[in-house]
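# Structural overview for review
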Amino acid sequence: MADQDKAEGLEYYQPWPYNQRPKITWPNGARIALWVAPNIEVYELNPPANASRTPWPSPFPSVAGYSIRDYGNRVGHMRQMKVLDKYGIRGSISLSSALIDHHPEIIDLCKERDWEFFSHGIYNTRYTYGLTEDQERELIQDSIDSIKNATGSAPVGYLAPALSHSTTTVDLWAEAGGTYTCDLFHDDQPTPINVRSGKPFVSIPYSLELNDTIAYVVNKIEPRRYGQMIKDAFDRLYAEGAESGTVMCIPTHNYQVSTPHRLAAFEEALEYITGHSDVWVTTGREIADYYLQNHYETATASIASINAEGGAA
Amino acid sequence: MTWTTPAASGPLDYPNRRYGNDHDRYEWSMLTDRAPLSWPDGKTLAVFVVVPLQFFPLNPKGEPIKVPGNMTMPYPDLRHYTLRDYGNRVGIHRVLKALDAAHIRPTFAVNTRLFEREPLLRQLILDRGNEIMGHSWSMDTPHAGGLAEAVERELVQRSLSRLRELTGQPVRGWLSPGKFNSPNTPDLIAAEGIEYFCDWVNDELPYKWNVASGDLWSMPLATEISDTYTLVDNLHSEESWADQVCDAADLLLAESREQGGRILTLTLTPWLVGQPHRIKHVERVLAHINGLDGVWSASGSEIFDAARNQIS
């Protein structure tokens, strides 16, 4: 498809100003829903070529990139899990579902802790780019079946592998039984998403800015500054949560945040956050379920009303 | 030996989706599943400091890839040639003084060509008696995919045989320039008697590799708190780099007391941290490490031997 034929914007959601929404309440009067989303990924040493994106920057074997990600599963996972255990946080795992085959020990550890598993594709070296709709549907169904077989329940959340999307990724996820997406970064509160099937479906905030890979690799931030960013984000969302409930997500990777030179800064931030009252420490799925049951209808009515008044042409 | 990681036939074909790794060069193993290690004299945190001694030619070929730190300007790039050479003339002396003051022993990773060109530097290093690792011929001899096997074999043989001649040391360790590997690098260095290499950053303890001949192990050497990654690639401040190393030391020491021996690894590059505005941060880091209780400063081979003797 030529570029000029592509839509210039997304149709998944409508304008809905932050200051014109019905009040969100969380269980037990919490001001903020906090969730931590460890990405637990597998990267292939020899992935197939993709026309839109090159998995590794150097020729086979791409030692630097592959080996630090391998470190995450060999070393980093246990370290991060120990810190989350210490603060009573259940991870919501963004899972490369091939990890179920490669490293089932990690799956067992997470199951024991009643962590949530959501889908992050099969491998983080297999992109959505270039797939037909049927192929993407097959990839999604494979990840759902794999997670269901391994954990006993089907995932309801999706973060597309390596944040690679098609124009129908979110629609396909909803049609496969999903109820929430982490792929949209437009808001600090859950928002109803218009999927083509018309099913109730929400976007749960997953902060790209606080994602440790974005912070450490893309933005090259120092560890203590990253810890301070987390605390600052919490302070503001906690304050705003007194008026209407907010969501804060800390997306992590076991090869980033769990390294010895970074973990202290992360731990200090979690210590700070969990030292507050009125924080709902939860999972992505629980936020989505609660929102769908308690706020979704009010929200869709509010969005319809605001946009009917001529907000958007 | 070959890498058993066949290519996929299409985007939804996963030929390596199986238990363990997607190749068979080493075993899948979580750090915490292994028997705890102990270090000599009841110490729990080994400190492995690598000081690379590097030669960056004025006329690099940059093939098959360019190792970071090489010349970037039109020939002759006096800027980068001399800045790198600064480390071998001036910076190294500051780094050695800082290490000695903190009673921390370095292991030198040496480009063989440098020791041919610089007999005075070679003698200075040899007189100290510290361990010397292979670091290929120069910073313009990358071991990377695209390098013909025969060419790489000759490069490995030349680098190691000449380095052994020049130093009189067995040269048991290896660090590839820029930590690049070709598919053949592990087999080729093992065939020439290398016992441990520091290119793969996937673990914090030594672990065994499967190679065609010889006995090769991976030794940890973290890229992420190396001075070049933090200061050059990420442009972090020197204060932040020092904080990161101290935080890593504290975490690994605490973990070592609960889980058995750990290794703090550190790379100190003379042309970078030997600059007058950076050396005080090196001194702070080394003083912090030296002040910890339970630290064992040792050479690469000493740590490697201690670990290997305990790993069945």
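Notes on the structure follow. (Residues numbered from 1 in each chain as written. Chains lettered and ligands numbered in written order. Predicted model: local features only at pLDDT ≥ 70, side-chain atom pairs only at ≥ 80, totals over all residues. Heavy atoms only, no water.)

Time to look at the overall build of chain B. When its secondary structure is counted, chain B shows 10 helices and 9 strands. Relative to the compact-globule value of 20 Å for 312 residues, chain B shows a C-alpha radius of gyration of 19 Å, a close match. Taken over the C-alpha atoms alone, chain B extends approximately 55 × 50 × 40 Å along its principal axes. Within chain B, the fraction of its 312 residues that count as buried is 62%. (Helix = DSSP H or I, 4+ residues; strand = E, 2+ residues; numbered from the N terminus. Rg over C-alpha atoms; globule rule 2.2 N^0.38 Å. Buried < 20%, exposed > 50% of the residue type's maximum accessible area, 1.4 Å probe, protein only.)

A count of helices and strands for chain A gives 10 helices and 9 strands. What you see for chain A is a C-alpha radius of gyration of 19 Å, in line with the 20 Å of a compact globule of 313 residues. Once the C-alpha set of chain A is aligned to its principal axes, its extents read approximately 60 × 50 × 40 Å. Across the 313 residues of chain A, 58% fall into the buried class. Look at the contacts in chain A between residues 6 or more apart in sequence, and 75% of them connect residues 24 or more apart. Looking at chain A, you have 25 positive and 40 negative side-chain charges, and the mean spots of the two groups are 6 Å apart. (Contact = heavy atoms within 4.5 Å. Lys, Arg positive; Asp, Glu negative; His and termini not counted. Charge placed at Lys NZ, Arg CZ, Asp CG, Glu CD.)

Taken together, the contact between chain A and chain B spans 50 residues of the former and 59 residues of the latter. Taken together, the two surfaces of chain A and chain B that pack against each other cover about 4500 Å², and 55% of this comes from carbon and sulfur. Per-residue buried area on chain A facing chain B is highest for Val63, Arg74 and His261 of chain A; these three make up 16% of the total on that side. In this structure, the connection of chain A to chain B is made through 9 salt bridges. Across the salt bridge formed by Arg17 of chain B and Asp101 of chain A, the nearest N and O atoms sit 2.9 Å from each other. Counting residues per element, the ones that place at least two in the side of chain A that touches chain B are helix H1 (63–86), helix H2 (99–102), helix H3 (104–112), helix H4 (133–151) and helix H7 (223–240) of chain A. (Buried area = accessible area lost by both parts, 1.4 Å probe. Salt bridge = Lys/Arg side-chain N within 4 Å of Asp/Glu carboxyl O.)

In this structure, Thr5 of chain B sits in the segment before strand S1 (45–53). What makes Thr5 of chain B buried here is its relative accessible area of 4%. A polar side-chain atom of Thr5 of chain B sits 3.4 Å from a polar atom in the side chain of Asn16 of chain B. Once residues lying within four places of it in the same chain are set aside, the contact partners of Thr5 of chain B are Leu45, Asn46 and Phe60 of chain A together with Asn16, Asp22 and His23 of chain B. (Polar contact = N/O pair within 3.5 Å; in protein donor to acceptor, adjacent residues only side chain to side chain.)

Residue and element names in this part refer to chain A. For H1, with 24 residues, the first-to-last C-alpha span of 33 Å sits near the 34 Å given by 1.5 Å per residue. The largest bend in H1 is about 55°, located at Gly76. For H1, the buried fraction is high: 18 of the 24 residues fall into the buried class. Note on H1: the residue one or two positions beyond its end, Gly88, has a positive phi of about 65°. (Expected span 1.5 Å × (residues − 1). Bend = angle between axes of the 7 residues up to and from the residue.)

On to the packing of H7 of chain A against helix H8 (residues 263–274) of chain A. Residue and element names in this part refer to chain A. Contact geometry of H7 with H8 gives a least axis separation of 8 Å together with a crossing angle of 20°. Taken together, the axes of H7 and H8 are roughly parallel relative to one another. The way H7 lies across H8 gives a crossing that is right-handed. For the pair H7 and H8, the contacting residues are Pro223, Arg224, Gly227, Ile230, Lys231, Phe234 and Asp235 in the first and Ala265, Phe266, Glu268, Ala269, Tyr272 and Ile273 in the second. Among the residues forming the contact of H7 with H8, the class breakdown is 8 nonpolar, 1 polar and 4 charged. (Axes fitted to C-alpha atoms, helices over the stretch in contact; angles between N-to-C directions. Parallel < 35°, antiparallel > 145°, perpendicular 65-115°, else oblique. Left-handed = near helix turned anticlockwise from the far one by under 90°. Nonpolar A, V, L, I, M, F, W, Y, C, P; charged D, E, K, R; others polar.)

This paragraph deals with the environment of Thr167 of chain B. Residues and elements named next belong to chain B. Tracing the chain through its elements places Thr167 in helix H4 (residues 149–167). On the basis of relative accessible area, Thr167 is assigned to the buried category, the value being 11%. Residues Thr167 and Ser38, spaced 129 residues apart in sequence, show a C-alpha to C-alpha distance of 31 Å. Ignoring sequence-local partners within four residues, the contact set of Thr167 consists of Phe115, Leu126 and Ile132. A distance of 3.1 Å separates the side chain of Thr167 from the backbone nitrogen of Gln169, its partner in a polar contact.

Moving on, we come to the nonpolar core. Of all hydrophobic cores here, the largest spans 164 residues; its most connected members are Met248, Ile250 and Phe266 of chain A together with Trp39, Phe48, Leu268 and Ile289 of chain B. Residue contributions to this core peak at 9 residues, all from helix H7 (residues 238–259) of chain B. Ignoring any residue separated from it by four or fewer positions in sequence, one finds Trp39 of chain B in contact with Thr44, Leu45, Ala46, Leu205, Gly261, Arg262, Ile263, Trp296, Ile303, Ala306, Ala307 and Gln310 of chain B. One finds Ile24, Ala30, Phe118 and Cys249 of chain A within the second-largest nonpolar core, a separate group that totals 25 residues. (Core = buried A, V, L, I, M, F, W, Y, C linked by side-chain atoms within 4.5 Å.)

Residue and element names in this part refer to chain A. Burial along strand S2 (residues 92–95) is two-sided: the residues Ser92 and Ser94 and Ile93 and Leu95 are all buried. When strand S1 (residues 32–40) meets S2, the two strands line up parallel, connected through 2 bridges. For Asn39, the partnering residue across the bridge sits in S2 and is Ser94. One crossover worth recording links S1 to the parallel S2 by way of H1, and it is right-handed. Bridge analysis of S2 against strand S3 (residues 116–119) gives 4 bridges, and the strand direction is parallel. Directly across from Leu95, in S3, lies its bridge partner Ser119. (Pairing = 2+ DSSP bridges. Right-handed = clockwise from strand over helix to strand, strands pointing away.)

The next thing to look at is the side chain of Ser301 of chain B. Residues and elements named next belong to chain B. Position of Ser301 relative to the elements: it lies in helix H10 (residues 300–308). Among the residues examined, Ser301 registers a relative accessible area of 8% and is labelled buried. A distance of 3.5 Å separates the side chain of Ser301 from the side chain of Arg172, its partner in a polar contact.

Read these as geometric descriptors, not functional statements.
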